[in-house]
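# Close look at the chain arrangement
Given next are the chains, with one letter for each unit.
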Amino acid sequence: MGSAPRLRSELTPDHVGRRANVRLRLPGGGFQDIVGVLESWQDGLLRLRRRDGTVAEVTADDVAGSRIVPQQPPTRRRGTGRPPTDG
């Protein structure tokens, strides 16, 4: 039998401006992940801006694990996949 994976916390206040994944302990048990840009970390309160523009505020005490993740690549437009025709 193997041991359960350990959650690591890589995130620090020095990572403000970086994209991160934060795993939170939920009050009723279980976990929730939030991915976003760390906007601030003050007095034990972290603010993460999600891709849709909403801001999540979480307390550092609720963080079970965290890590820095790569910046999201720009969204590419979907084309028809066919080359343009000269009408």
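Everything below is about the structure shown above.
What this report covers is the structure whose coordinates are included nearby.

## As for the nonpolar core
Ranked by size, the top nonpolar core spans 12 residues in total: L11, A20, V22, L24, I34, L38, L46, L48, A56, V58, V63 and I68. Counting residues per element, the ones that place at least two in this core are β1 (19-25), β2 (31-42), β3 (45-49), β4 (55-59) and β5 (63-68). In terms of residue count, β1 provides more of this core than any other element does, three residues in total.

## Brief notes about the sheet that holds β4
Here we have five strands laid out as an open sheet, ordered β4-β3-β2-β1-β5, and antiparallel in their pairing. Each end of this open sheet is capped by a strand with a single partner; those strands are β4 and β5. Averaged over all pairs of adjacent strands, the angle between their axes in this sheet comes to 40°, without regard to strand direction. Sheet topology places β1 next to β5; five bridges connect them, and they run antiparallel.

## Some points on the environment of V16
Positionally, V16 belongs in the segment before β1. In this structure V16 comes out as partly exposed when scored by relative accessible area, which is 40%. Setting aside anything within four residues of it in sequence, one finds V16 in contact with L38, E39, S40 and W41.

## Examining the pattern of salt bridges
In this structure the tally under the stated criterion is five salt bridges. Note that R23 is salt-bridged to D33, the shortest N-O span being 2.7 Å. A residue pair is termed long-range when its members are at least 10 positions apart, and R23 in strand β1 and D33 in strand β2 qualify at 10 residues. According to the relative accessible area criterion, R23 is partly exposed, its value standing at 31%. Ionic pairing is found between E57 and R47, a salt bridge with its closest N-O pair at 2.6 Å.

## Points about the pairing of β4
The alternating pattern of β4 places A56 and V58 on a buried face and V55, E57 and T59 on a face that is not buried. As paired strands, β3 and β4 are joined by five bridges and run antiparallel to one another. Along β4, the bridge assignment pairs L48 with A56. Counting the residues that bridge the hairpin from β3 to β4 gives five residues, and of these G53 lies at a positive phi of roughly 95°.

The rules behind each value
Every chain is numbered on its own, with residues counted from 1 as its sequence reads. Note on the predicted model: pLDDT of at least 70 is required for a residue's local features to be given, and 80 or more for side-chain atom pairs to be given and counted; whole-chain, interface and lining totals, by contrast, use all residues. Hydrogens are left out, water is left out, and the side-chain values use all remaining heavy atoms of the structure. For the purposes of this section, nonpolar cores are sets of buried Ala, Val, Leu, Ile, Met, Phe, Trp, Tyr and Cys residues that join through side-chain atoms within 4.5 Å. Type-normalised accessible area, obtained with a 1.4 Å probe on protein chains alone, sets the label of each residue: buried when under 20%, exposed when over 50%, and partly exposed for intermediate values. Working definition: helices are DSSP H or I runs of at least four residues, strands are E runs of at least two. Numbering for both runs from the N terminus. Here the rule is simple: two strands pair whenever DSSP picks up at least two bridges between them. Working convention: axes come from line fits to C-alpha atoms, limited for helices to the stretch in contact. Angles between N-to-C directions cover 0 to 180 degrees. What makes two residues a contact is simply this: any of their non-hydrogen atoms within 4.5 Å. For this analysis, a salt bridge means a side-chain nitrogen from Lys or Arg found within 4 Å of a carboxyl oxygen belonging to Asp or Glu.

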